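Results of the structural survey
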Amino acid sequence: PPLVPISVERGVMAKILICDNEEPLRALVRAALDGHEIHEARDGDESLDRARALRPDLIVLDMMMPERTGLEVLEEIRSDPGLTGTRVVMLTARAQASDHAAAQHAGADRFVIKPFSPLRLAATVEELLESGA
C-alpha cells in the first residue's frame, strides 16, 4: 500500500525534499529548515523520482529547472495517488501574477518569491506542516 505522509506536530522532524538546480539556494533552504530530514534534487526529473521514492511530507520546488519545469513536476505530483497529501511550496524568481496563478492552478500550497527571507520560508513550512493544508 502507498505510504501516506504523517501528520507533523511542531518540533517533530518532517521529511522535506528541496528541488532546485542551484546548490547555493539548496544550501540556504537547507539551513532555513534545519531540524528536519532534508533530501535534495537538482532537476525536474530527479525531483519527480525522489518525490515518488521518498514520499516526503513537504516539497520546496523551484519553478525553473532543467529537464522538467517545477510546474510539470507539480502536475505529476498532484496526479500521483501516493503523493496527494504532500505539501508543496513553489520557490521561484518568477514573480508575475500569471506565474502565481499557474502555480496555484497546478496545485501549489504556497508561493514564495526569490530572493526570500529564510525565516519567512521556515515559518511558511512550519505552518503547512502544522495545519496539514
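Here goes a summary of the coordinates provided. Keep in mind the model is a prediction, meaning the values are calculated, not measured.

Structural notes on the environment of Glu72
Structurally, Glu72 can be placed in helix H3 (residues 70-79). Owing to a relative accessible area of 39%, Glu72 belongs among the partly exposed residues under this scheme. Sequence separation between Glu72 and Leu48 is 24 residues, and the spatial gap between their C-alpha atoms is 9.4 Å.

Quick look at the pairing of strand E3 (residues 58-62)
When you tally the buried positions in E3, you get 5 out of 5 residues, the bulk of the element. Side chains Leu58, Val60 and Asp62 project from E3 onto one buried face, and the interleaved Ile59 and Leu61 project onto a second face that is buried too. Here 4 bridges tie strand E1 (residues 15-19) to E3, and the two strands are oriented parallel to one another. The residue bridging Ile16 from the neighbouring strand is Leu58, located in E3. In this sheet, strand E4 (residues 87-92) lies alongside E3 in parallel orientation, the contact comprising 5 bridges. Across the sheet, the residue bridging to Asp62 is Leu91, located in E4. Taken together, E3, H3 and E4 constitute a β-α-β crossover, and its handedness is right-handed.

Conventions we followed
- Throughout, residues of each chain are indexed from 1 in the direction in which the sequence is written.
- Two thresholds apply to this predicted model, a pLDDT of at least 70 for residue-level local features and 80 or more for giving and counting side-chain atom pairs, whereas whole-chain, interface and lining totals are computed over all residues.
- Just so you know, side-chain values use all the structure's heavy atoms and leave hydrogens and water out.
- Put simply, DSSP H or I for four residues or longer makes a helix, DSSP E for two residues or longer makes a strand, and each gets a number counted from the N terminus.
- Accessibility here uses a 1.4 Å probe with only protein chains present; expressed as a share of the type maximum, an area under 20% marks a residue as buried, one over 50% as exposed, and anything in between as partly exposed.
- At least two DSSP bridges between two strands are required for those strands to pair.
- Call a crossover right-handed when, viewed with both strands pointing away from you, the route from the first strand across the helix to the second goes clockwise.

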